[in-house]
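An overview of the molecular structure
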Amino acid sequence: MTTEICAQQMDYRELNAKVRAAVAGGERELVLSQVNGQRYLGVGLTQPVKLSIHGVAGNDLAAFMDGPTLEIWGNAQDGVGNTMNSGRVVIHGSAGDVLGYGMRGGRILVRGDVGYRVGIHMKSFKRQVPTIVVGGSAGDFLGEYMAGGVLVVLNLWKEEKEPVGRWTGTGMHGGAIYLRGGSVSPDRLGREVLAAPAGEEDQPVLFPLLDDFATTFGLEAEELRRQPFQRLTPTSHRPYGNLYAY
Amino acid sequence: MTSLVLPEFLHRVDHQRCRRCKRCVMSCGFGALQFLERVVADHAKCVGCHRCATFCPEGAITIERNPTALRYNAHWSEEHRKAIWRQAESGGMLLSAMGNDKPYPSYFDHLLLDACQVTNPSIDPLREPMELRTYLGSKPERLEFGAGPDGKPRLTVELAPQVQLETPLVFSAMSFGSISLNAQKALAMAAEKCGITMNTGEGGLHKDLYPYSRHVVIQVASGRFGVSPEYLQQGAAVEIKIGQGAKPGIGGHLPGEKVPHEISETRMVPVGTDCLSPAPHHDIYSIEDLAQLIGALKEATRYEKPVGVKIAAVHNVAAIASGIVRAGADFIFLDGFRGGTGAAPTVIRDHVGLPIELAVAAVDDRLRREGIRNRASLVVAGGIRSSADVAKAVALGADVCAIGTAALVAMGCHLCQKCYTGNCSWGIATQRSELVRRLEPDVAAERLVNLVRAWSLELKEILGALGLNAIESLRGSRERLRAVGLDQTTLDILGVKPAGR
């Protein structure tokens, strides 16, 4: 059974309370229709539920989320997956700024573009490895202070554009960023980042993500796998290790 | 490179009295003492923490300030010259710990409390009930009553979630990482016993502390370490950390070598990873963004817990506080420039921020004038040394005072200010297991409980002398303060009359 909630003209508190009540009542699949910027959808949910969201998901979608699967048939605003612990977010449109801030686990797939400051301070812990795949391009400060996890930017839709903005990976000290295409301009990269062509050793990490993205959005997985990728990794795990006098 | 800096302390052993038990050698976390047929000190390593002297069974140890004098110079103080040498030798930023130790004026020491005489009799706290209980959280604009089903009057206004405190004190945020787990356990045990709260700081909540979670305020800071849905369900309240009095505008940095297994589990990062807390939250660039995070945390905690914001007192603190209240915070934690830290660049610690006395007065005044003072409780911290400071802070507008340094001192800290080295001989600011073991949580908790009890008794005495029977009657009651030796502008900011008027 699926519960459908029409979110038209509904305040976010009421909408989220309805979702929580349905989940508490045992519902495992919900459809939210007419969503128009309501904030905090999926926030703090810890059950393995599925939310199908039609419309524009508001700020802080899936913040502090632990387990659910959210599919957004439209765009999402800022702060998707803030400090997310586990679960899956699929966005068929584009997403705004600060996606995946402090994310510790789970996966976010965005078919379109993402804004500024995406994947800041992502970190991994034990078997939790947060992953974000962006079909379009990303803005400035992608992966700043990144401490773990994997970020992939495919830049599939406007290839004349650079895949990422400036200061990519500034302060990065863990994890990896993969950018489709031969080489990104060096002026896009932070000082703490080492760029190299992705090779065979990257395939076990990269290919499952590409396959997932292709399957989710109806693209050719083989075609994506054949593309050249550039890998960004931190030059040091201690970028700020020698600043102090002890 | 030879260091030009002479030792700060000289470690003297009375070898006549010393019975060569080597206890001092073992007690020094800094490796300053060796036993070579007798105790030999490397004076340069002595930080003056007094662990060895305190536990010497013969009282044979004396630690003195090195009397070797540099030529006096009022402008080029010894401290300035030593700092330059250390920087010339290292090329690094100087680090400090604990609060600002510079001789800036302490306004608490210029304020005197009132008392009753003859016409408005004082109250005897030994005989009369004295109410210290304080509720942390947003208060309604007005109370409205209707009739309940039984016909009796009933409150019809929905109250925001509150944390009940049995005395207007809480323990400040000190993370697992900056202090040891045993120190955190002591704080949690004492908080439970006293009916107050301790605060995780940005280090997550160790599983051992879950049983105390009703007396724990959990912090969400820019690195989001240890912040998980499970963590958010623990805790009596949530605190968003924007800033800290010891280092306003500065992030945190727990180096990887201080992230062993237990800390890694609690912060939810791999062992040995640097824990970088960026200076700003990268999702907060405005009051609207702050409102968004407050909202997210309220959603995630089902509106069952107060969500507050901690800021350092800085120049425009009153306007900032107003914005924070309007962003929906249930409490503001205001941290003055004397507030402590486990590590901060000395230049920031000693030269940035505001005295808490002026900050609390300015904030309380601003929120009152805007008619929003009821919407958030004010927790005030940053160098609260005694119950007198608490009473004065409350009279200036604080709801609650938070103590960090005082709590550490109660547990044995001697303010040697070397927390950032991780070598704390007292087992407080260290993760070295042989040092941590020295701090027995039960014993340290008892010392903390005693301190809170003693200050609470003193607060009752102060209230009785003022002719009050509840701490809330003193809140913001600046008429009960008089100032000595302050200029008119400062008096205006404090809202206090000069003594004699």
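You'll find the structure just up there.
Described in the following lines is the structure provided in the data block.

1. Things to note about the pattern of salt bridges
Considering all chains together, one arrives at 43 salt bridges over all chains under this definition. Its salt-bridge partner being D202 of chain A, residue R231 of chain A comes within 3.0 Å of it at the nearest N-O pair. Linking R231 of chain A in strand β11 (residues 229–234) with D202 of chain A in the loop between β10 (193–197) and α2 (203–217), this pair joins segments that are 29 residues apart in sequence. Here the two residues R231 of chain A and D202 of chain A agree in accessibility, since each one is buried. Each member of the salt-bridge network shares a partner with another, and the members are D364, R368, R373, D399, R475 and R478 of chain B.

2. Observations regarding the pairing of strand β2 (residues 29–36) of chain A
All names here are of chain A. Relative to β2, strand β1 (residues 3–6) is paired through four bridges, and the arrangement is parallel. Residue pairing across strands places T3 opposite L30, the latter belonging to β2. For the handedness criterion, the β-α-β arrangement of β1, helix α1 (residues 12–24) and β2 is classed as right-handed. Where β2 and strand β3 (residues 50–56) come together, six bridges link them in parallel fashion. Bridge pairing in β3 places V31 opposite S52.

3. Considering a nonpolar patch on the surface
There is a patch of nonpolar side chains on the surface, built from L143, F145, L155 and L159 of chain B and spanning about 400 Å² of accessible area. Mapped onto the fold, L155 of chain B is located in strand β9 (residues 153–155).

4. Overview of the nonpolar core
Counting 141 residues, the largest nonpolar core has F64 of chain A together with F171, M411 and I428 of chain B as the members making the most contacts within it. Both of domain 1 (9–92) and domain 2 (168–498) of chain B provide at least three residues apiece to this core. Sequence-distant contacts of F171 of chain B, that is, excluding residues within four places in its chain, are made with L187, A190, A191, I196, T197, M198, N199, I403, A407, L448 and V452 of chain B. Formed by 49 residues, the second largest nonpolar core is a distinct cluster that contains L30, L51, A57 and M146 of chain A.

5. Looking at the sheet that holds strand β5 (residues 93–96) of chain B
The strands making up a sheet associate through backbone hydrogen bonding, with each pair oriented either parallel or antiparallel. On the basis of which strands lie adjacent, the open sheet formed by three strands has the order β12(A)-β5(B)-β19(B) and mixed pairing. Two strands lie at the open edges of the sheet, namely β12 (244–245) of chain A together with β19 (344–345) of chain B, each paired on one side alone. Sitting on the sheet, helix α3 (residues 78–90) of chain B is in contact with β12 of chain A together with β5 of chain B, with an inclination near 120° to β5 of chain B.

6. Concerning helix α14 (residues 441–466) of chain B
The α-helix advances 3.6 residues per turn, and as a result positions three or four apart in sequence lie on the same side. Taking 1.5 Å as the rise per residue, α14 of chain B with 26 residues should run 38 Å; its terminal C-alpha atoms sit 37 Å apart, in good agreement. G467 of chain B sits one or two residues past α14 of chain B and shows a positive phi near 80°.

7. Regarding the packing of aromatic side chains
Under the counting rule described, the total for this entry stands at five aromatic pairs over all chains. Ring plane angle 10° and centroid distance 5.2 Å describe the contact between F141 of chain A and W167 of chain A, whose orientation is recorded as stacked. One end of the pair, F141 of chain A, is in the loop between β7 (131–134) and β8 (147–153); the other, W167 of chain A, is in the loop between β8 and β9 (174–180), and 26 residues separate them in sequence. A cation over an aromatic ring shows up here: R13 of chain A above the ring of Y303 of chain B, its NZ or CZ 3.5 Å from the ring centre. Taking the ring centre of W426 of chain B as reference, the NZ or CZ of R51 of chain B above it sits at 4.9 Å.

8. Concerning the interface of chain A and chain B
Listed per partner, the contact involves 40 residues of chain A and 44 residues of chain B. With both sides pooled, the region where chain A packs onto chain B buries about 3,700 Å², and carbon together with sulfur makes up 57% of that total. Looking at the side of chain A facing chain B, the largest losses of area belong to F64, Y101 and Y246 of chain A, adding up to 18% of the total buried there. Inspection of the region where chain A meets chain B yields two salt bridges. The closest approach of N and O atoms between R20 of chain A and E299 of chain B, which form a salt bridge, is 3.0 Å. Linking chain A to chain B there are 18 residue pairs in polar contact (both at pLDDT 80 or more). Those elements that provide at least two residues to the side of chain A that touches chain B are α1 and β12 of chain A. Of the residues forming the side of chain A that touches chain B, the biggest block, four residues, is contributed by α1 of chain A. Each residue belonging to the side of chain A that touches chain B can be placed in one class, and the counts come to 16 nonpolar, twelve polar and twelve charged.

9. Details of the environment of G26 of chain A
Note on placement: G26 of chain A falls in the loop between α1 and β2. Measuring from C-alpha to C-alpha, the distance between G26 of chain A and T233 of chain A comes to 43 Å, with 207 residues separating the pair along the chain.

10. Examining the side chain of S377 of chain B
All names here are of chain B. Counting through the fold element by element, S377 comes out in strand β20 (residues 377–381). Residue S377 is classed as buried on the basis of its relative accessible area of 1%. A distance of 3.5 Å separates the side chain of S377 from the side chain of K139, its partner in a polar contact. Those residues in contact with S377 that lie beyond four places of it in its chain are Y135, L136, G137, K139, D330, F331, I332 and D399.

11. Description of unusual backbone geometry
Residues other than glycine seldom take positive phi values, yet Y40 of chain A does so here, at roughly 65°. Mapped onto the elements of the fold, Y40 of chain A is located in the loop between β2 and β3. Of the residues examined, Y40 of chain A reaches a relative accessible area of 1% and is grouped as buried. In the Ramachandran plot, V118 of chain B falls in the positive-phi region, its phi being about 60° despite a non-glycine side chain. With respect to the helices and strands, V118 of chain B occurs in the loop between β6 (111–113) and β7 (134–136). The exposure class assigned to V118 of chain B is exposed, which follows from its relative accessible area of 79%.

12. Description of the environment of D335 of chain B
All names here are of chain B. By the secondary structure assignment, D335 is in strand β18 (residues 331–335). Along the sequence, D335 and V380 sit 45 residues apart, while their C-alpha atoms lie 6.2 Å from each other. One polar contact links the side chain of D335 to the main-chain amide nitrogen of G245, over a distance of 2.8 Å.

13. Digging into empty space enclosed by the protein
The final tally for this structure, using the stated rule, is five cavities of 30 Å³ or more. The space that makes up the largest cavity amounts to roughly 140 Å³. In terms of residue class, the lining of the largest cavity is made up of twelve nonpolar, three polar and one charged.

14. Points about the packing of helix α11 (residues 387–396) of chain B against α14 of chain B
Residue and element names in this part refer to chain B. As a packed pair, α11 and α14 sit with axes 9 Å apart at the nearest point and diverge in direction by 55°. Taken together, α11 and α14 sit at an angle that is classed as oblique. Judged by the sense of rotation from one axis to the other, the crossing of α11 with α14 is right-handed. Between α11, through S387, A388, V390 and A391, and α14, the contact on the second element is made entirely by W455, E458, L459 and I462. Split into classes, the residues belonging to the contact of α11 with α14 amount to six nonpolar, one polar and one charged.

Basis of the calculations
Residues numbered from 1 in each chain as written. Chains lettered and ligands numbered in written order. Predicted model: local features only at pLDDT ≥ 70, side-chain atom pairs only at ≥ 80, totals over all residues. Heavy atoms only, no water. Salt bridge = Lys/Arg side-chain N within 4 Å of Asp/Glu carboxyl O. Helix = DSSP H or I, 4+ residues; strand = E, 2+ residues; numbered from the N terminus. Buried < 20%, exposed > 50% of the residue type's maximum accessible area, 1.4 Å probe, protein only. Pairing = 2+ DSSP bridges. Right-handed = clockwise from strand over helix to strand, strands pointing away. Patch = residues over 30% accessible without salt bridge, like charges linked within 9 Å, V, L, I, M, F, W, Y side chains within 5 Å. Areas by Shrake-Rupley, 256 points an atom, 1.4 Å probe, with all protein chains shown as cover. Core = buried A, V, L, I, M, F, W, Y, C linked by side-chain atoms within 4.5 Å. Domains from an automatic or database assignment. Contact = heavy atoms within 4.5 Å. Axes fitted to C-alpha atoms, helices over the stretch in contact; angles between N-to-C directions. Expected span 1.5 Å × (residues − 1). Phe/Tyr/Trp six-rings, centres within 6.5 Å; stacked < 30°, edge-to-face > 60°. Lys NZ or Arg CZ within 6 Å of the ring centre and 35° of its normal. Buried area = accessible area lost by both parts, 1.4 Å probe. Polar contact = N/O pair within 3.5 Å; in protein donor to acceptor, adjacent residues only side chain to side chain. Nonpolar A, V, L, I, M, F, W, Y, C, P; charged D, E, K, R; others polar. 1 Å grid on protein atoms, 1.4 Å probe; cavity = no way out; pocket = protein on both sides within 12 Å on 5 of 7 lines; lining within 4 Å. Points joined across faces, edges and corners; volume = space filled by probe spheres on them. Parallel < 35°, antiparallel > 145°, perpendicular 65-115°, else oblique. Left-handed = near helix turned anticlockwise from the far one by under 90°.

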